[in-house]
Amino acid sequence: MSLALSTLLFEWRRYMAAVMALALSGLLVLAMTGVFIGIGKGFTATIERSGADIFILQPGAKSIMNGPSGVPRRFIPLAYNHPEVTEVMPLDGAGGSFQNIKNVDPTKSQADNASQGAPRQKWVQTSIIDTRPGSVTIPTDYSQELVDALRQPYTVAVDETALNTLGVKLGDKALYNGQTVTVVGVTRGYPNMMQPGVVMSRDTLRMLGQADTGPRVGPLMVKLRDPARSQIVVDQLNEMGKGQWKAWTKQQLADANAGAMFEEGILVIIIGGCVVLGIIIGVAITWQTLRGAIMANIKEFASLRALGVGMGSLRRIVVELSFWVGVVGVAAAIFLTWLVSLLATMGAVIISLPLWLLVVVGAGLIAIAMASGLLSLGILKNSQPADLLR
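Okay, so let's go over this structure. (Residues numbered from 1 in each chain as written. Predicted model: local features only at pLDDT ≥ 70, side-chain atom pairs only at ≥ 80, totals over all residues. Heavy atoms only, no water.)

Another point: the overall build of the protein chain. Across its full length, the protein chain carries 14 helices and twelve strands. Burial status across the protein chain gives 46% buried among its 390 residues. Accessible surface, the protein chain as shown: approximately 18800 Å² in total, 63% of it carbon and sulfur. (Helix = DSSP H or I, 4+ residues; strand = E, 2+ residues; numbered from the N terminus. Buried < 20%, exposed > 50% of the residue type's maximum accessible area, 1.4 Å probe, protein only. Areas by Shrake-Rupley, 256 points an atom, 1.4 Å probe, with all protein chains shown as cover.)

Turning our eyes to something else, we now look at unusual backbone geometry. Despite not being glycine, Tyr-154 has its phi angle at roughly 60°, a positive value. Tracing the backbone shows Tyr-154 in the loop between α6 (144–150) and β6 (155–159). Positive phi values are uncommon outside glycine, yet Asn-177 reaches one of about 50°. With respect to the helices and strands, Asn-177 occurs in the loop between β7 (173–176) and β8 (179–187). Its relative accessible area of 33% is what places Asn-177 among the partly exposed residues.

Glancing now at the sheet that holds strand β3 (residues 85–90). Strand pairing in a sheet relies on backbone hydrogen bonds, with the paired strands running either antiparallel or parallel. Reading across the sheet, the four strands line up as β3-β11-β1-β12 and stay open at both edges, with antiparallel pairing between neighbours. Edge positions in the sheet fall to β3 and β12 (246–249), since each of these pairs with one other strand and no more. Adjacent strand axes in the sheet meet at a mean angle of 25° when their direction is disregarded. The pairing of strand β1 (residues 54–57) with β12 spans four bridges and is antiparallel. Along β12, the bridge assignment pairs Ile-56 with Ala-247. On top of the sheet, helix α9 (residues 230–241) reaches β1, β11 (220–224) and β12; it is set at about 175° to β12, its chief contact. (Pairing = 2+ DSSP bridges. Axes fitted to C-alpha atoms, helices over the stretch in contact; angles between N-to-C directions. Contact = heavy atoms within 4.5 Å.)

Before going further, it helps to examine the layout of surface pockets. Its volume calculated, the largest pocket comes out at about 630 Å³. Counting residues per element, the ones that place at least two in the lining of the largest pocket are α2 (12–43), α3 (45–48), β4 (93–100), β5 (122–129), β6 and β9 (197–201). (1 Å grid on protein atoms, 1.4 Å probe; cavity = no way out; pocket = protein on both sides within 12 Å on 5 of 7 lines; lining within 4 Å. Points joined across faces, edges and corners; volume = space filled by probe spheres on them.)

Attention shifts here to the environment of Ile-280. Tracing the backbone shows Ile-280 in helix α11 (residues 265–296). When the C-alpha positions of Ile-280 and Ser-25 are compared, they lie 8.9 Å apart, and in sequence the two are 255 residues distant.

On to empty space enclosed by the protein, then. For the structure on display, the rule yields two cavities of 30 Å³ or more. Considered as a void within the structure, the second largest cavity measures approximately 40 Å³ in volume. The wall of the second largest cavity is formed by Leu-30, Val-330, Ala-333, Ile-334, Leu-358, Val-361, Gly-362 and Leu-365. Counting residues per element, the ones that place at least two in the lining of the second largest cavity are α13 (311–346) and α14 (355–375).

Moving on: the side chain of Thr-126. Relative to the elements of secondary structure, Thr-126 occurs in strand β5. Given a relative accessible area of 4%, Thr-126 falls into the buried group. In this structure the side chain of Thr-126 is engaged in a polar contact, spanning 2.9 Å, whose partner is the side chain of Tyr-176. When sequence neighbours within four positions are dropped, the list of residues in contact with Thr-126 reads Gly-93, Ala-94, Gly-95, Tyr-176, Val-198, Met-200 and Leu-205. (Polar contact = N/O pair within 3.5 Å; in protein donor to acceptor, adjacent residues only side chain to side chain.)

Every second residue of β1 is oriented toward a common face, with Ile-54 and Ile-56 on one face and Phe-55 and Leu-57 on the other, all of them buried. As judged from the three bridges shared by β1 and β11, these two strands associate in the antiparallel manner. Looking at β11, one finds that Phe-55 is bridged to Met-221.

In this section: the nonpolar core. Generally speaking, a soluble globular protein has its nonpolar side chains buried in company with each other. Grouped together as the largest cluster of nonpolar side chains are 20 residues, with contacts concentrated most on Tyr-15, Leu-22, Val-325, Leu-357, Val-361 and Leu-365. Among the elements that line this core, the one with the most residues is α2, at eight residues. Look past the residues within four positions of Val-361 in its chain and what remains in contact with it is Gly-26, Val-29 and Leu-30. (Core = buried A, V, L, I, M, F, W, Y, C linked by side-chain atoms within 4.5 Å.)

For the rest of this paragraph, the subject is the environment of Val-158. Considering the arrangement of structural elements, one finds Val-158 in strand β6. Residue classification places Val-158 among the buried residues on the basis of a relative accessible area of 0%. Sequence separation between Val-158 and Val-184 is 26 residues; the distance between their C-alpha atoms is 8.4 Å. In this view, Val-158 contacts Leu-163, Leu-166, Val-183, Gly-185, Val-186, Thr-187, Gly-197 and Val-198; residues no more than four positions away in its chain are not counted.

Within the secondary structure layout, Asn-100 lies in strand β4. Engagement of the side chain of Asn-100 in a polar contact is seen with the backbone oxygen of Gly-167, the distance being 2.4 Å.

Spatial strand order, β4-β5-β9-β6-β8-β7: six strands in a closed barrel with mixed pairing. When the angles between neighbouring strand axes are averaged without regard to direction, this sheet yields 45°. Pairing between β4 and β5: six bridges, direction antiparallel. Its bridge partner being in β5, Gly-96 is matched across the sheet by Val-124.

The terminal C-alpha atoms of α2, which comprises 32 residues, lie 44 Å apart, in line with the 46 Å expected from a rise of 1.5 Å per residue. By the largest-angle criterion, Ala-18 marks the main kink of α2, which is about 25°. (Expected span 1.5 Å × (residues − 1). Bend = angle between axes of the 7 residues up to and from the residue.)

Written as structure tokens, this is what we have:
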């Protein structure tokens, strides 16, 4: 075991402030970035958890979230021309006004009803599924009971994050665009920070008069006989399309949707501000803590110099010590962020922590720790062997 690591283990109290500074800096960046990535995953959860292996969008679309992604309806039979395609369905959806009918007096105005406990009318975003068994539009985490319930006419499911906003619970009736629907299911993991979301069957959407029957439909969801060949089929479909469409694997589209979140200027500013603040806090506290710890051990360093250890070796010890402080700080940051993500999950908030984010933030924290160690090297000049005689 190296001298630097031994020093950190046996005198850990002296370095705890530096470790916590790095951990809190990492927590700030990881939590904020994870929340924004989680918001994006909430918007695209229906895509990422669908049974589709491939999605077909128009050529200019960069993701589901940015720009129009619908295609002409005539592309549906064209996609079936590929021998490995077993199902093609459009991703349909709509929006409408939603209001529960609990405590509503039809003889009073909406404002009067709201003052007596009835919620105000809300605009919701609607997504659909086809309820036939094994449909490509059914998310993989939907239970069979939920699908069976949505098969009934005029039924909807509401995400748990929207229950309080809409003022409904399982079994309640509500008005959707003035027509009565029944809440028969509650989904989890589909939060929408912009608008509450509801799910219904394509048949119910048609009964409500909102089915897309025009010449253009939403992105096409494609199921294959062998999902392992999705990349090969994507290339073949793009060749078949001759530039009329662009096919994506599910993972490609998921990555594009995640990247689209960071094309929003305000998000970049917020995350950039958190990164700058984290660096300032991390460097300042870690530098001062390491400086104080080295000063407290200055006689030990002087003893090493008296034994013939050169200043270069002492500097390497300090830099290595800084590295191990950074490693422990990274571990603490990931642990604290994991705890926060558990608490957030209880509140139906998604904090997504992809591997690349952990690697980038971890490397940044170690760099901060080592930079702080380099700033503290000047204190070694005080490690004079002659001071041991005082």
